[in-house]
Each structure stands twice: as structure tokens, then as C-alpha cells.
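Each chain is listed here by its residues.
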Amino acid sequence: MYAVRLWSVRHARGLNTFYRGFETALAMLHPLFKRLGYERLEPPVAAVERTVKGFLFDCKMCGQCVLSSTGMSCPMNCPKQLRNGPCGGVRDNGHCEVRPEMKCVWHQAVTGSARIAGGREALSQVQPAVDRRLQGRSSWLRVMRERAGEPA
Amino acid sequence: MIFEDEPVPGYPLPILPGHTSPGRLERILRAGQFAVTAELAPPDSADPEEVFQRAKIFDGYVDAINATDGSGANCHMSSVAVCALLTRLGYALVMQISCRDKNRIAIQGDILGAAAMGVCNILCLTGDGVQAGDHPQALPVFDLDCMSLLSTARTLRDEHRFLSGRKLSYSPRVFLGAASNPFGKPREWRADRLAKKVAAGAQFVQTQYCYDVPMLKTFMQRVEDLGLLGKVFILIGVGPLRSAKTAEWMRTHVPGLHIPDAIVKRLAGAQDQAREGRNLCVELIQQLREVKGVAGVHLMAYRQEESVPDIIDRSGVLQGRIPWHPGRDPQRSPQRVAAS
């Protein structure tokens, strides 16, 4: 939801801190998840992730979440799906050139990342091209497996 | 300027140490000359003569011609085709690639093909949204963004492979460029975004239209603070405004374009507004030349291309240098290279 999405950027610091804790907790569950089978867990976990992140960020389930590097503003809401910063067409009022009624996702990201410690540096990281095969899959499970050193 | 190691004028040059392309634009910039590039508006036509005529206007005044790729999301002859026609005559091209219409498979193929045709410079753009153009019903692709496009082109060139990892037998020797808008919001992050483009592979940038030199200087100061001078050649976008009304329309309708009130007022007060617009453009170029870190100008004289030679001439930035063009050195070269 648009209003909630803007709220999330305003509360980027808190959400980022919460996520850091959440990710650590998830990582501890790795042995259990491995026993249950990641592929079997994919549909229910993806459904939860879709609901929670959909509500907070208008998440599009790209499957390779970068919210921590974008000040909690989801770049997949950009009509050009930019992953590396604002295009040259941001309006003077900070709104999107394609959808004038919407605040620019990247203008928001710059604001949000200023609220997170190390946010500016994270924003400067070049993000690689999106792997379109991961669309609809859970980022959380992917991160769990990556942290455990297993192929995601 | 004639390069002594030019085998046949108009043909690719030997690649010097530290250079990545056999192109004249990279040579000019690395030699510390003030470079001039200009944008060619591709025709709504299948007639090659229209392309040749549009290029000929710039003969002797520009170091490279930008072939736009569906600019403003409007349909025109493709940048690949314009490059194919003009490289045959020896012109130096900057091939623009927009991420709007093609996915990574098509784009990588185009980069290989362009380099094979003699294109030495590639400008990596995200592209305008489809809503801006004449086909708003179209599917916007945006598989890559300008940043991942830059790193893709660099991967092809420096790692001799596709993104998939598959090896190339010969890599595209290209000079990589990007766009930059020093005047867009969020303004305080614009130089940082440029830094990111340089990290992704940009060796030169061409900016959005500049009508506000003090604002550009603020941007350039930040660029210097980030340690980017010397890592990227910055060509500033300029163009003549036809009238105060045009200026007013442009700044209202083109998002990200900044034209100060003083400019609009000056045009409105002039007897001959189009002439005043050209005078203003000449003055801007002269001021820009003095700004630290500015390596050249990029002329975007949309529908006023014929005014480019006079503007460059009066600005004096070429300092008597005559960039190569077909027929410049009749005793040295065949004009048109026959396809055999």
C-alpha cells in the first residue's frame, strides 16, 4: 500500500534493525529448514513473505531483495525497474516522471538510506542485473542458504 | 587534426596503450583536446540519403555523432542502422543503447555487431518510459538498467565473455559512455550516481542540457571531491533554445530539465528570439570550457541541427582544429569505402 510504503521509508532505521535481527534468527533455523527441505518450504514461506513485504513495501517478489541497500524503498516499484539510482527524469517535487502521482522510488531511497547507518555506502554499491528466474521466490530462504554457505 | 598512424582516414586507428577503443573520440579526449559531439535525429524514413544528409551538416565540426535509440520513446530509424550506414563512410559514432526496448540477449548481440561495423563508442542509457512517446501501448522491457548495461558492455570487452560466461573469440573494443543529469532531483546525490556509473564502467559521460553554469559548478565540485576527475571525461549537454515559449514548454514538460527564469526572460526580451537562443548557446559553451573538469560539449540541437556549425564556429572551442569527415583529405583517401 502506497501510504504504508512511504511510512516504511520514514522508519527505515527501525525496520533495518529489525530485519538484521530477523535475518540472524532465520540463519539459526537453517538446520531445521534443511531437514524439512527448502523446496518444500518455498510456497508457504514465499506466501508469508509476499504478504508481509507486500503490505510494508509494495514488494514485487523479485526474489533478490535489496531493501537494506535502498533505504527500505523497493526499487521494483520504479516503472523502469531501476536497481541503481534515480533516472534523470525525477520531477522538481521529487515525483516520478512516468507516474507523476507517485513519489520517485529512488528519491525515497536516498532519503531512507540517510536514516540507516552505512546506508549511503550501501546505496553506492553497483547492483547486478536482476535474475528474472527468481521472480516469485522467497528472498528470505535464499539469504538463509547463502549465509549457511549453500548454493541458493 | 590528422593522426599520423591513421591507416586509411575514416578507418579504425591503432589502439594506443591505455586506450580501449580504436576510435577518434577517445584519442581526442585522452589527448586533452576539447571535444565536440552532436546528436543526430534519426529519420522517420527508410531512405539512407536522409541519414547521410543529416550527418553531413556536422562535417568538420564534431568529433563524433550520437545515433539516438528511440529517444523520447518515439519510433525512428534504429541506432544500429544509423551506425551501420555512417560507419561505412568513416564517421565516428556514439551508438546509444536504451534498456527500454531490448533484453540482455538482444543488447549484447548489438554491441558485438556495432563494434564489428566500426562503432567505437557506446552510450549506455536506461531510456525514457514508453508513456513519453508515440507508442504508450508498448511493453517496456527494462531487463537491464543503465548501470548493469555498462557492466555488461565492460564484461564483453574486458573479460571477453557474455554475461552467461560463454567466451568471445574477439571482444568489442569500445569506449563506454553514460548519461548524467547534474540538474535533476535528488540533486545532492547526482555526483554520487555518476561515481557509481564510473565504477560500473563509464569512461565518458554526456549530460542533460545545461542552462545553469553555477549549478553545474556545484555538481563539478562534488565530482572533484569524489575523486572522479581524471577517471571520466565529462561532456556537457548544450543546445540552442528556439524561443522563450519553447523554453517554457520544455521546462514544464520535460521532467528533469532545468532552465532558470533569467534565461527565459532574456529570450523573451530579444527581437530575434531564435538568434538570441543561438547566442546564448555560444556563450554557454565558452563558459563551460572554463569550468574545471569539463572535457567537451555535446550538442543537442533538436530540429535546429543546421545551426550547429555556426555555434561551434563562433564558440571557438575547436581552436582551428578540423575533425575528420568524409572528403576532408581528398589527396589521402577514398571518400566512400565500397562494400566488397
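Keep in mind that what you see is a predicted model, and the values were worked out from it rather than measured.

So, how was this worked out
Residues numbered from 1 in each chain as written. Chains lettered and ligands numbered in written order. Predicted model: local features only at pLDDT ≥ 70, side-chain atom pairs only at ≥ 80, totals over all residues. Heavy atoms only, no water. Contact = heavy atoms within 4.5 Å. Buried area = accessible area lost by both parts, 1.4 Å probe. Salt bridge = Lys/Arg side-chain N within 4 Å of Asp/Glu carboxyl O. Polar contact = N/O pair within 3.5 Å; in protein donor to acceptor, adjacent residues only side chain to side chain. Helix = DSSP H or I, 4+ residues; strand = E, 2+ residues; numbered from the N terminus. Nonpolar A, V, L, I, M, F, W, Y, C, P; charged D, E, K, R; others polar. Pairing = 2+ DSSP bridges. Axes fitted to C-alpha atoms, helices over the stretch in contact; angles between N-to-C directions. Core = buried A, V, L, I, M, F, W, Y, C linked by side-chain atoms within 4.5 Å. Buried < 20%, exposed > 50% of the residue type's maximum accessible area, 1.4 Å probe, protein only. Right-handed = clockwise from strand over helix to strand, strands pointing away. Left-handed = near helix turned anticlockwise from the far one by under 90°. Lys, Arg positive; Asp, Glu negative; His and termini not counted. Parallel < 35°, antiparallel > 145°, perpendicular 65-115°, else oblique. Phe/Tyr/Trp six-rings, centres within 6.5 Å; stacked < 30°, edge-to-face > 60°. Lys NZ or Arg CZ within 6 Å of the ring centre and 35° of its normal.

Student: Explain the interface of chain A and chain B residue by residue, including any values.
Tutor: Taken together, the contact pairs 27 residues of chain A with 27 residues of chain B. Between chain A and chain B lies a buried interface of about 2,400 Å² when both sides are counted; carbon and sulfur atoms form 51% of it. Contact with chain B buries area across many residues of chain A, yet A:Lys80, A:Asn84 and A:Arg120 alone supply 22% of it, more than any other trio. The interface formed by chain A and chain B contains two salt bridges. B:Asp192 is the partner of A:Arg120 in a salt bridge, and the nearest nitrogen-oxygen pair spans 3.3 Å. Put simply, chain A and chain B have 16 residue pairs in polar contact (both at pLDDT 80 or more) between them. Broken down by secondary-structure element, the contributors of at least two residues to the side of chain A that touches chain B are α5 (105-114) and α6 (119-123) of chain A. Its residues assigned to classes, the side of chain A that touches chain B shows 12 nonpolar, eight polar and seven charged.

Student: Give a description of the sheet that holds strand β4 (residues 121-125) of chain B that names residues and reports values.
Tutor: All names here are of chain B. The sheet built from eight strands closes into a barrel, its strands ordered β1-β2-β3-β4-β5-β6-β7-β8 with parallel pairing. Shown here is a sheet whose adjacent strand axes are inclined to one another by a mean of 25°, direction ignored. Of the strands in this sheet, β3 (93-98), β4 and β5 (175-180) touch helix α5 (residues 146-158), which is tilted by about 175° from β5.

Student: Now, about the nonpolar core: what can you tell me, with residues and values included?
Tutor: All names here are of chain B. Formed by 87 residues in total, the largest nonpolar core has its most connected members in Leu86, Leu216, Leu241, Ile259 and Leu299. Other than its neighbours up to four places away in sequence, Leu216 contacts Pro182, Phe183, Cys210, Ile236, Leu288 and Val294. In this structure, Leu29, Leu125, Phe175 and Phe233 belong to the second largest nonpolar core, which totals 16 residues.

Student: Please give an account of the pairing of β4(B) that cites residues and values.
Tutor: Residues in a regular strand project their side chains so that they alternate between the two faces of the sheet. All names here are of chain B. With five of five residues buried, β4 lies mostly within the body of the structure. Taking every second residue as pointing to the same face, both faces of β4 are buried, with Asn121, Leu123 and Leu125 on one and Ile122 and Cys124 on the other. For β3 and β4, the ladder comprises five bridges, and the chain directions are parallel. Looking across to β4, one finds that Met95 is bridged to Ile122. Taken together, β3, helix α4 (residues 104-117) and β4 form a β-α-β motif whose crossover is right-handed. Relative to β5, β4 runs parallel, the two being bridged by four bridges. From the neighbouring strand, Ile122 faces β5, where its bridge partner is Leu176.

Student: Describe the packing of helix α2 (residues 12-28) of chain A against helix α7 (residues 139-147) of chain A, listing the residues and the values that go with them.
Tutor: All names here are of chain A. One can describe the packing of α2 onto α7 by two numbers: an axis separation of 9 Å at closest approach and a directional angle of 65°. By crossing handedness, the relation of α2 to α7 is classed as right-handed. On α7, the residues touching Tyr19, Phe22, Glu23, Thr24, Leu26 and Ala27 of α2 are Trp140, Val143, Met144 and Arg147. When its residues are assigned to classes, the contact of α2 with α7 shows seven nonpolar, one polar and two charged.

Student: Kindly report on helix α3 (residues 79-87) of chain B, identifying the contributing residues and their values.
Tutor: The α-helix advances 3.6 residues per turn, and as a result positions three or four apart in sequence lie on the same side. Where α3(B) is concerned, the buried positions are B:Ser79, B:Val82, B:Cys83, B:Leu85, B:Leu86 and B:Thr87. Of the surrounding secondary structure, the elements contacted by the buried residues of α3(B) are β1 (35-40), α2 (48-56), β2 (64-67), β3 and α4 of chain B.

Student: Hey, could you go over the side chain of B:Arg193 for me, with residue numbers and the actual values?
Tutor: Mapping B:Arg193 onto the fold places it in helix α6 (residues 190-200). Among buried Asp, Glu, Lys and Arg side chains, B:Arg193 stands out as unpaired, with B:Asp145 the closest opposite charge at 6.3 Å. With residues up to four places along the chain from it excluded, the contact list for B:Arg193 reads A:Asn84, A:Gly85, A:Pro86, A:Cys87, B:Cys146 and B:Met147.

Student: So what's going on with the pattern of salt bridges? Which residues, and what values?
Tutor: Residues and elements named next belong to chain A. Scanning the entire structure with this criterion turns up 30 salt bridges over all chains. Note that Glu146 is salt-bridged to Arg142, the shortest N-O span being 3.5 Å. With Glu146 and Arg142 both in helix α7 and four residues apart, the pair spans about one turn of that helix. Among the residues examined, Arg142 registers a relative accessible area of 24% and is labelled partly exposed.

Student: Describe the packing of helix α8 (residues 244-253) of chain B against helix α9 (residues 261-268) of chain B, naming the residues involved and giving the relevant values.
Tutor: Residues and elements named next belong to chain B. Interhelical geometry of α8 versus α9 gives an angle of 155° and a closest axis separation of 8 Å. One finds that α8 runs roughly antiparallel with respect to α9. On α9, the residues touching Ala244, Ala247, Glu248 and Arg251 of α8 are Asp261, Val264, Leu267 and Ala268. Taken together, the residues of the contact of α8 with α9 sort by class into five nonpolar, no polar and three charged.

Student: Can you lay out the packing of aromatic side chains for me, pointing to particular residues and giving the numbers?
Tutor: By the definition in use, this model includes seven aromatic pairs over all chains. Between the aromatic rings of A:Phe18 and A:Phe22, the centroid separation amounts to 6.2 Å while the plane-to-plane angle is 10°, which identifies the pairing as stacked. Taken together, the residues span about one helical turn, with A:Phe18 and A:Phe22 both in helix α2 at a distance of four residues. A residue is classified by how much of its surface remains accessible, and A:Phe18, at 58% relative accessible area, is exposed. Judged by its relative accessible area of 25%, A:Phe22 falls in the partly exposed class. Aromatic ring contacts, followed pair by pair, group A:Phe18, A:Tyr19, A:Phe22 and A:Trp140 into a single cluster. The ring of B:Tyr170 is capped by B:Arg173, whose NZ or CZ atom sits 4.3 Å from the centre of that ring.

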